[in-house]
Amino acid sequence: MADGTVRLPSAPARARTFAGLRTLKSPQGWLPALAVAIGVVLIASPFLATVVRSLLVGEDGSLAAGLGNFIGMFGNKRFWEALGMTAIMGTGATLLACLFGLGLAWIVARTDLPGRNWFDTLNLIPFFLSPFVGAVSWTYLAAPNVGLLNQLLAALGLPADMLNIYSVGGVIWVLALFYTPYVYLFIISPMRRMDPALEDAARAHGAGFWLTLRHVTAPLMMPALLSGALVVFVTSAGLFDVPLALASPHGIRTIPTTVFQLVQYPSDYGLASAIGVMVMAVTVLITLMQRNYLSRRSFATVTGKGYRPRTVQLGRWKMAALALELVYIGGGVVAPMAALVMVALSPLWTGKPEPASFTLANFEFVLFNHDMARRAMMNSLIVATLGATVGVLVGTLQSYYLQRGRSRLRTIMDAFLSLPIGIPGIILGLGFLILALRTPLYSTLWIILIAYIARFLPFATRGISAMLVSLSTDLEESARAGGATWLQTMRMIVLPLIWPAILAAWLMLFVIFIRELGATILLYAQGTETISVAMVIMGEMNFGYVAALAVIQALLLFVAFVLFRLTRSSLLEN
């Protein structure tokens, strides 16, 4: 101090400090904080590795700091072509997915269409299927001249190459089919809870159905729609699977496939890292723009009044609503799965199904006679089971930190821990590849497991947080007042109450890990292949083997989907 005296903290400040230290020393303090620290390390490490590698120029052994990689990136014509194509595909897929998602959610939540409860379940099935499998199956349906749909069109006198799945439009179509459930999930809940008085007020002032839908209903859905659109854009634009199957073989480059090619021999990790840094910067910028937009407007749709949204009588539009449902479910589930099964049962796929020659030989080959396929299935099951278990354990503790903790860093940590949701899997995989090079983790199943957890942990944390935030703290405080320790309170009070959310999070992570390809394709080696990687490798051997493996993966995902729906029903009942 200026007068030479030292002022001690006030008594209340000292009490808060001592209370904070006591809390940090107890399991209640350090266990959730440790889980958050693990999450921060898992996210920051690959990001920093990518940034550092992007700033190193030259050959291995003589690297020097510089901006050469960024200069090379911006001066590369192929980069701009890939960036433009990625933007076109991401924008197209987002627009189409929003149209599908908004329409399907409105039909299920607000109309009198018969069977809408069944459609509520069926609309979500593509979420649990692998986009890569979907892309492969659509090649059997819409490949020029040989696709089943093109042959059907040819029989009707139309050109046999009328549909071309190996095109920008084909990529957008497949991406939209498999990302529509994201928009649907974001919109369906607020649409079910929207106050009907807002629409009634519009109609009382003379607004018709379409005017009310355009100026009242749609704007009120804007936060959910923007959130869904943002997720779809950043994930579809960063998806590696579908462009690999449909665009890359015909010379159409995207940012993810360009990064993949740069890492292949002769590799250019510097340029690949520079592209990765650019993608991460754009993703963060888009996220900030969305948050800024939402913070400046009010979108309250739920009040304290008891109400139930009015059901819209479709009348003569009922057939149109039913047609939209059938087109989506047929294109996203029925037709691709039917094509896959036919190809898998055919000894040699010639573009035409021949039921008389159907055989299980392809299934027998991949299940019992092909070492890599059997190893890939076992690896996928190990990674999915172990990764989902670790993920929900860490996610539960992170949720407790974010919802029950007293740290002033909770808001910042919440935003930081959510970052991997928008980062493409292949970019995160690149970061872990740079980290693991020349370490014992390189080319092991462990680095794949770590990358999976880092990439998808936010899904578990957010799902469990949603359940935890709905629980009053009264029960926990009563248990603590009765002498129970924090661990006893967690074991006997909190965990039983949030168990459905934990189980749902586990199943979701299991499904995602089984089908994941983007984060794996740069990290696998001989002996650590997963099912998705095996399908990519076997694609050069035989269509039937790929289809058989895809059917097996789809069956695994379908079982998980059924369990997830049962768990979700239990969650809603609680």
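All values reported here derive from a predicted model rather than from experimental measurement. (Residues numbered from 1 in each chain as written. Predicted model: local features only at pLDDT ≥ 70, side-chain atom pairs only at ≥ 80, totals over all residues. Heavy atoms only, no water.)

In this section: helix 20 (residues 425-436). Between its terminal C-alpha atoms helix 20 stretches 16 Å, which fits the 16 Å expected from 12 residues at 1.5 Å a residue. Buried within helix 20 are the following residues: Gly425, Ile426, Ile427, Leu428, Gly429, Leu430, Gly431, Phe432, Leu433, Ile434 and Ala436. Arg438 occupies a position one or two residues after helix 20 and carries a positive phi of about 65°. (Helix = DSSP H or I, 4+ residues; strand = E, 2+ residues; numbered from the N terminus. Expected span 1.5 Å × (residues − 1). Buried < 20%, exposed > 50% of the residue type's maximum accessible area, 1.4 Å probe, protein only.)

Before going further, it helps to spend a moment on the packing of helix 7 (residues 131-142) against helix 16 (residues 318-345). As a packed pair, helix 7 and helix 16 sit with axes 8 Å apart at the nearest point and diverge in direction by 70°. Taken together, helix 7 and helix 16 sit at an angle that is classed as roughly perpendicular. Of helix 16, the residues touching helix 7 (which contributes Val133, Ser137, Trp138, Tyr140 and Leu141) are Gly331, Ala335, Pro336, Met337, Ala339, Leu340 and Val343. The residue inventory of the contact of helix 7 with helix 16, partitioned by class, reads 10 nonpolar, 2 polar and no charged. (Axes fitted to C-alpha atoms, helices over the stretch in contact; angles between N-to-C directions. Parallel < 35°, antiparallel > 145°, perpendicular 65-115°, else oblique. Contact = heavy atoms within 4.5 Å. Nonpolar A, V, L, I, M, F, W, Y, C, P; charged D, E, K, R; others polar.)

Next up on the list: the side chain of Asn379. In this structure, Asn379 sits in helix 18 (residues 371-404). Overall, the relative accessible area of 7% leaves Asn379 in the buried class. Contact partners of Asn379, with chain neighbours within four places excluded, come to Leu445, Gly527, Thr528 and Glu529.

Our next topic: a nonpolar patch on the surface. On the surface, Leu152, Leu156, Leu158, Met162 and Leu163 cluster together into a nonpolar patch covering about 480 Å² of accessible area. The residue Leu158 is located in the loop between helix 8 (148-155) and helix 9 (168-193) in this model. (Patch = residues over 30% accessible without salt bridge, like charges linked within 9 Å, V, L, I, M, F, W, Y side chains within 5 Å. Areas by Shrake-Rupley, 256 points an atom, 1.4 Å probe, with all protein chains shown as cover. Salt bridge = Lys/Arg side-chain N within 4 Å of Asp/Glu carboxyl O.)

Turning our attention to the pattern of salt bridges. Here the idea is simple: oppositely charged side chains can pair when their charged atoms come close. By the definition in use, this model includes 4 salt bridges. Of the charged contacts, one joins Lys318 and Asp112 as a salt bridge, the two residues approaching to 3.9 Å between their closest N and O atoms. Of this pair, Lys318 sits in helix 16 while Asp112 sits in the loop between helix 4 (77-110) and helix 5 (116-122), and the two are 206 residues apart along the sequence. Exposure remark for Lys318: the relative accessible area of 29% places this residue in the partly exposed category. Residue Asp112 is classed as buried on the basis of its relative accessible area, which comes to 17%. Taking the shortest distance from any N to any O, the salt bridge between Glu529 and Arg375 comes out at 3.3 Å. Here Glu529, found in the loop between helix 23 (486-515) and helix 24 (531-538), pairs with Arg375, found in helix 18; they are 154 residues apart in sequence, far enough to count as distant. Judged by relative accessible area, which is 4%, Glu529 ranks as buried. Judged by its relative accessible area of 29%, Arg375 falls in the partly exposed class.

Now for the side chain of Thr180. Mapped onto the secondary structure, Thr180 falls in helix 9. Those residues in contact with Thr180 that lie beyond four places of it in its chain are Ala97, Phe100, Gly101, Leu104 and Tyr328.

This part takes up the confidence of the model for the protein chain. Residues at a pLDDT of 70 or more form 90% of the protein chain, whose mean pLDDT is 85. Taken element by element, the protein chain is modelled with least confidence in helix 1 (residues 11-25), mean pLDDT 60, and with most confidence in helix 18, mean pLDDT 94. (pLDDT = per-residue confidence, 0-100.)

Residue Pro266 is reached from Tyr265 by a cis peptide bond, and omega for that bond is -5°. When you line up the elements, Pro266 lands in the loop between helix 14 (255-263) and helix 15 (269-295). Positive phi, close to 65°, is recorded for Ser443, a residue that is not glycine. Secondary-structure assignment places Ser443 in the loop between helix 20 and helix 21 (445-468).

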